[in-house]
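# Structural overview for review
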Amino acid sequence: EDTALFAGFRRTALYLQGALPLGDRHTLLAEAAAGLGSGSLPYYERFGIGGNDYLISYPLRGYHRREFVGEDMLGAAVTYQVRIAEYHLQAVRALYCSLTGGAANTWDTRTDMSGRSPHLGGGIAVAADTVLGPVRLEFGAGEHQRYLLYFSAGFDF
């Protein structure tokens, strides 16, 4: 029996998100995430940070998707969102503008984990709620004068 195919590992993740309405058009969103791995974690199971969506990593604007990868992860972000227009049309229902700031990091060993040296990133976005789902254009900025433009249409899978 070949047990190398089934090398033991454990991957535990916690994600928290909260929304605080600040009137009819304004919302403050806060989120935090933590991930702990142990054993022989394969690369594809390691925690990643970077990008602007949750498909395969924890988002951190100004960086590429899964730019930083490790067995352990901590991250937090705050977003201020304002609904700038609301329409009674079939195609477009509302337009939003948001400003996000976040900090996150990954580590290969738990003893290296620390909140002292996170990667910092932020973004400003314009989004529309459409009949086909959300459409979003976002400008992200990371450390060391890194700038990225993100575009998405439809729901994440």
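Just so you know, these numbers come straight off a predicted model, no measurement behind them.

### A look at the overall build of the protein
Looking only at helices and strands, the protein has zero helices and nine strands in total. Ordering the α and β elements of the protein from the N terminus gives β-β-β-β-β-β-β-β-β. Referenced to the eigenvectors of the C-alpha coordinate spread, the extents of the protein come out at roughly 65 × 40 × 30 Å. Within the protein, buried positions represent 35% of all 157 residues. When contacts within the protein are restricted to residue pairs at least 6 apart in sequence, long-range pairs at least 24 apart make up 51% of them. Considering the protein, the positive charge centre built from 13 side chains and the negative charge centre built from 16 side chains are found 4 Å apart.

### A word on empty space enclosed by the protein
This structure, assessed with the given rule, holds one cavity of 30 Å³ or more. Around the largest cavity, the lining residues are Pro 59, Leu 60, Arg 61, Ala 77, Thr 100, Gly 101, Gly 102, Gly 121 and Gly 122. Contributing elements (two or more residues each) for the lining of the largest cavity: strand S6 (92-107) and strand S7 (119-130). With three residues, the top contributor of residues to the lining of the largest cavity is S6. Residues belonging to the lining of the largest cavity are distributed by class as follows: three nonpolar, five polar and one charged.

### As for the layout of surface pockets
In this approach a probe as big as a water molecule rolls over the atoms, and the regions it shows empty are the leftover space. Considered as a void within the structure, the largest pocket measures approximately 700 Å³ in volume. In terms of lining, the largest pocket is formed by 27 residues, of which the most central are Tyr 54, Arg 61, Gln 81, Pro 134 and Arg 136. Considering each element in turn, the lining of the largest pocket owes the most residues, five residues, to S7. The residue makeup of the lining of the largest pocket, split by class, is 14 nonpolar, seven polar and six charged. Estimated volume of the second largest pocket: approximately 250 Å³. Contributing to the lining of the second largest pocket are 17 residues, with Arg 11, Phe 47, Ser 57, Tyr 58 and Met 73 lying nearest its centre.

### Here's the deal with the sheet that holds S7
The antiparallel open sheet is built from seven strands, whose spatial order is S1-S2-S5-S6-S7-S8-S9. The open sheet has two edge strands, strand S1 (9-21) and strand S9 (146-153), and neither has a second partner. Going across the sheet, the axis of each strand differs from the next one's by a mean of 15°, ignoring polarity. Looking at chain direction, S6 and S7 are connected through 12 bridges and run antiparallel. Counterpart to Thr 100 in the pairing with S7 is Gly 123.

### Some points on the pairing of S7
Relative to strand S8 (residues 133-142), S7 runs antiparallel, the two being bridged by 10 bridges. Bridge pairing in S8 places Asp 129 opposite Pro 134. Once S7 ends, the chain turns through two residues before running back antiparallel as S8.

Analysis parameters
Residues numbered from 1 in each chain as written. Predicted model: local features only at pLDDT ≥ 70, side-chain atom pairs only at ≥ 80, totals over all residues. Heavy atoms only, no water. Helix = DSSP H or I, 4+ residues; strand = E, 2+ residues; numbered from the N terminus. Buried < 20%, exposed > 50% of the residue type's maximum accessible area, 1.4 Å probe, protein only. Contact = heavy atoms within 4.5 Å. Lys, Arg positive; Asp, Glu negative; His and termini not counted. Charge placed at Lys NZ, Arg CZ, Asp CG, Glu CD. 1 Å grid on protein atoms, 1.4 Å probe; cavity = no way out; pocket = protein on both sides within 12 Å on 5 of 7 lines; lining within 4 Å. Points joined across faces, edges and corners; volume = space filled by probe spheres on them. Nonpolar A, V, L, I, M, F, W, Y, C, P; charged D, E, K, R; others polar. Pairing = 2+ DSSP bridges. Axes fitted to C-alpha atoms, helices over the stretch in contact; angles between N-to-C directions.

Any link to function would need more than the numbers given here.
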